[in-house]
Amino acid sequence: MSDSAPSSHSGADRFSADTARSEADSSASAHTSSSAPATKPKEAELAPVVNPRVYRFVVDITYLPVLLSGMHLEVHGREHVPPPGTPLVVAANHRSGLDPFLIARAFPPGRYMQFMAKKELFGPITGPLITAGGSYPVDRTISDVKAVRTSVRILAAGGTVGIFPEGTRGGGELHGGVALIAAKGRAPILPVGISRVGRRWIVRFGPPIPSRGGIKALTVEVGERLAELAQPVGEKI
């Protein structure tokens, strides 16, 4: 659940082109085999499922370094998080490996974030744990259409997809994948700012951004919101 981001390094256009090409191929394949009997969806085509016990265990364990270092988590704007059971894309700035766990801990009960995480994290030891927590791999070296489709399936099931649009920790350029996924999943984008001041880790939720308009314009709006929320201001909740 870390270093999460869409893999496109050329923005939304490349994502859109690759997705459209893949969908066209799938449509042609379905047309030629229309006479074949219907089959059950393959396991790879199903949305990943969250194991609540594993999810909570990971969130609690990863908070120990914060406590042991004498720090604490401060949350602002929790009222902006939509109720569970509705599709939601969470977009946050990325400054440390703790980011996904801090956001998950700051969330109101009932919502389980499923992060798009770099495929390198899915090793023989950490992979099963990350998968049980509901997260899924993305290949950041290509336009990973499979990861985009997985995200859309999660949203179709009323789930929550977590993405770091900057791609890497401290990255400046935002990729358009977050806007593309939100548009395809017909889900609002919840901007989240993460900052650190003294012994405080601060998570700030902003009002959801409707997924309408062009991908580029939406990406710019998300970037502006994240820049504002990453500033450690606001009243403590």
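Residues numbered from 1 in each chain as written. Predicted model: local features only at pLDDT ≥ 70, side-chain atom pairs only at ≥ 80, totals over all residues. Heavy atoms only, no water.

This paragraph deals with the overall build of the protein chain. Tallying secondary structure elements over the protein chain gives eight helices and seven strands in all. Residue burial in the protein chain is summarised as follows: out of 237 residues, 46% are buried. Taking all contacts inside the protein chain whose residues are at least 6 apart in sequence as the whole, residues at least 24 apart take part in 76%. (Helix = DSSP H or I, 4+ residues; strand = E, 2+ residues; numbered from the N terminus. Buried < 20%, exposed > 50% of the residue type's maximum accessible area, 1.4 Å probe, protein only. Contact = heavy atoms within 4.5 Å.)

For the structure on display, the rule yields five salt bridges. The salt bridge partner of Asp-60 is Arg-56, with a shortest N-O separation of 4.0 Å. Of this pair, Asp-60 and Arg-56 are both found in helix H2 (residues 52-61), four residues apart, which corresponds to roughly one turn of the helix. Given a relative accessible area of 38%, Arg-56 falls into the partly exposed group. Of the charged contacts, one joins Asp-139 and Lys-119 as a salt bridge, the two residues approaching to 3.3 Å between their closest N and O atoms. Taken as a pair, Asp-139 in the loop between strand S4 (136-138) and helix H6 (145-156) and Lys-119 in the loop between strand S3 (113-118) and helix H5 (126-132) lie far apart in primary sequence, 20 residues in all. A residue is classified by how much of its surface remains accessible, and Asp-139, at 13% relative accessible area, is buried. Residues participating in the shared-partner salt-bridge network are Arg-56, Asp-60 and Arg-105. (Salt bridge = Lys/Arg side-chain N within 4 Å of Asp/Glu carboxyl O.)

Let us look at the packing of helix H7 (residues 177-185) against helix H8 (residues 215-229). Two numbers describe how H7 lies on H8: the axes approach to 8 Å, and their chain directions differ by 115 degrees. Crossing geometry of H7 relative to H8 is assigned as right-handed. In contact with Ala-179, Leu-180 and Ala-183 of H7, H8 contributes Ile-215, Leu-218 and Thr-219. Residue classes in the contact of H7 with H8 are distributed as five nonpolar, one polar and no charged. (Axes fitted to C-alpha atoms, helices over the stretch in contact; angles between N-to-C directions. Left-handed = near helix turned anticlockwise from the far one by under 90°. Nonpolar A, V, L, I, M, F, W, Y, C, P; charged D, E, K, R; others polar.)

Moving on, we get to the pairing of strand S7 (residues 200-205). The buried count for S7 comes to five of six residues, which makes it a mostly enclosed element. Pairing of strand S1 (residues 72-76) with S7 involves five bridges; the strand directions are parallel. In the strand pairing of S7, His-72 is matched with Arg-200. One ladder, built from six bridges, connects strand S6 (residues 189-197) with S7; its direction is antiparallel. What sits directly across from Val-197, in S7, is Arg-200. Between S6 and S7, which pair antiparallel one after the other, the connecting turn spans two residues, and Gly-198 there sits at a positive phi close to 60 degrees. (Pairing = 2+ DSSP bridges.)

A few words on the packing of H6 against H7. Look at H6 against H7: their axes get within 9 Å of each other, and the N-to-C directions meet at 45 degrees. One way to sum up the angle between H6 and H7 is to call them oblique. Relative to H7, the crossing made by H6 is right-handed. Taken together, the residues of H7 that come into contact with H6 (itself represented by Val-148, Ser-151, Val-152 and Leu-155) are Ile-181, Lys-184 and Gly-185. (Parallel < 35°, antiparallel > 145°, perpendicular 65-115°, else oblique.)

The next subject is the nonpolar core. If you look at the biggest cluster of nonpolar residues, it comprises 26 residues, and the most contacted ones within it are Ile-103, Phe-107 and Phe-205. Contributing elements (two or more residues each) for this core: H2, S1, strand S2 (88-92), helix H4 (99-106), S3, S6 and S7. Sorting elements by how many residues they give to this core places H4 first, with four residues. Every residue in contact with Phe-107, bar those within four places of it in the chain, is listed here: Arg-78, Val-81, Leu-88, Val-90, Met-113, Thr-160, Leu-190 and Phe-205. (Core = buried A, V, L, I, M, F, W, Y, C linked by side-chain atoms within 4.5 Å.)

This brings us to the sheet that holds S6. For sheets, the rule is that strands pair by backbone hydrogen bonds, running either parallel or antiparallel. Within the open sheet, the seven strands sit side by side as S1-S7-S6-S2-S5-S3-S4. Their pairing is mixed. With partners counted over all chains shown, the strands left at the sheet margins are S1 and S4, one partner each. Strand-to-strand twist of the sheet, defined as the mean angle between neighbouring strand axes without regard to direction, takes the value 25 degrees. Pairing of S2 with strand S5 (residues 160-163), which is carried by four bridges, proceeds in the parallel orientation. Within the sheet, the bridge partner assigned to Ala-91 lies in S5 and is Ile-163. This element, H7, spans S2, S3, S5 and S6 of the sheet and lies at about 170 degrees to S2.

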